[in-house]
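Coordinates in review
Okay, here's what each chain looks like letter by letter:
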Amino acid sequence: METKNIMIVGVGGQGSLLASKLLGHLLMEQGYDVKVSEVHGMSQRGGSVVTYVRYGDKVASPIIDKGEADFIVSFELLEAARWLGFLKPDGQIDPMPVITGAAAYPQDLVAKMKATGAKVDALDCLALAEQAGSAKAVNIVLMGRLSHYFDLPEEAWQKSLEAMVPAKFL
């Protein structure tokens, strides 16, 4: 299998690192060679955080270069725009929309990303996590969204979730 590249981007404290570990565990359990690389930036101060997850038959490096990402899962809309150049021409980007009133964002940012030719699917995963009982579960909701692009059994996702998330939070 050709190596696939996934970037998980956001800001510090949103749960992107747990999401990348969950995804890495899932893919290893499915028999793939997996490399995960965490680039923290200023994560302790709410700064940009990016994680690379690469998988396939044989993966040599954990790093994803510009134009190589098959998927970008973004915990934050501006981070989606910041990392857009890393997306393949036929890649998929799933940014989480901005919380109204949280900050001043450029107008029509999703439309601008779509204008580049990127396949953009913005979904309010925070609202879904809150409906499920905890805003802190937004990372799991985003992984659930990503699962739509994989032909992996739901049971495999559930098994990795149970392996990576402490029991009291399941």
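Here goes a summary of the coordinates provided. (Residues numbered from 1 in each chain as written. Predicted model: local features only at pLDDT ≥ 70, side-chain atom pairs only at ≥ 80, totals over all residues. Heavy atoms only, no water.)

**Digging into the pattern of salt bridges**
Under the counting rule described, the total for this entry stands at 7 salt bridges. Here glutamate 2 ties to lysine 88 by a salt bridge, and the two come within 3.6 Å at their closest N and O atoms. Residue glutamate 2 is located in the segment before strand E1 (4–11), and its partner lysine 88 is located in strand E5 (residues 87–95); the two are separated by 86 residues in the primary sequence. Glutamate 2 sits in the exposed class, given a relative accessible area of 53%. Of the residues examined, lysine 88 reaches a relative accessible area of 18% and is grouped as buried. Through salt bridges with shared partners, a single network forms among Glu2, Asp70 and Lys88. (Salt bridge = Lys/Arg side-chain N within 4 Å of Asp/Glu carboxyl O. Helix = DSSP H or I, 4+ residues; strand = E, 2+ residues; numbered from the N terminus. Buried < 20%, exposed > 50% of the residue type's maximum accessible area, 1.4 Å probe, protein only.)

**Notes on the pairing of strand E3 (residues 48–56)**
Judged by how many residues are buried, E3 sits mostly within the fold: 8 of 9 residues are covered. The pairing of E1 with E3 spans 8 bridges and is classified as antiparallel. Opposite asparagine 5, over in E3, you have arginine 54 as the bridge partner. With 7 bridges connecting them, strand E2 (residues 33–39) and E3 associate as antiparallel partners. Following the sheet pairing, valine 39 is matched in E3 by valine 50. (Pairing = 2+ DSSP bridges.)

**So, helix H6 (residues 154–164)**
For H6, every residue scored as buried is listed here: Ala156, Trp157, Ser160 and Leu161. Angularly, the buried residues of H6 cover 140° about the axis, an arc narrow enough to put them on a single face. Residues of H6 that are exposed and angled more than 90 degrees away from the buried face: Glu154 and Glu155. Buried positions along H6 lie against helix H1 (16–29) and helix H5 (138–146). (Arc of directions from axis to C-beta. Contact = heavy atoms within 4.5 Å.)

**Considering the side chain of serine 20**
With respect to the helices and strands, serine 20 occurs in helix H1. The exposure class assigned to serine 20 is buried, which follows from its relative accessible area of 0%. Here leucine 17 takes part through its backbone oxygen, which lies 2.7 Å from a polar atom of the side chain of serine 20. Setting aside residues no more than four positions away along its own chain, serine 20 makes contact with Ile8, Val36, Thr51 and Val53. (Polar contact = N/O pair within 3.5 Å; in protein donor to acceptor, adjacent residues only side chain to side chain.)

**Concerning the packing of helix H4 (residues 125–132) against H5**
Two measures define how a pair of helices packs: the angle their axes make with one another and the distance between the axes. In the contact formed by H4 and H5, the axes pass within 8 Å of each other and the chain directions differ by 115°. Handedness of the crossing formed by H4 with H5: right-handed. Residues Cys125, Leu126, Leu128 and Ala129 of H4 touch H5, and the partners they reach there are Val138, Val141 and Leu142. For the contact of H4 with H5, the per-class residue count stands at 7 nonpolar, no polar and no charged. (Axes fitted to C-alpha atoms, helices over the stretch in contact; angles between N-to-C directions. Left-handed = near helix turned anticlockwise from the far one by under 90°. Nonpolar A, V, L, I, M, F, W, Y, C, P; charged D, E, K, R; others polar.)

Geometry only, nothing functional implied.
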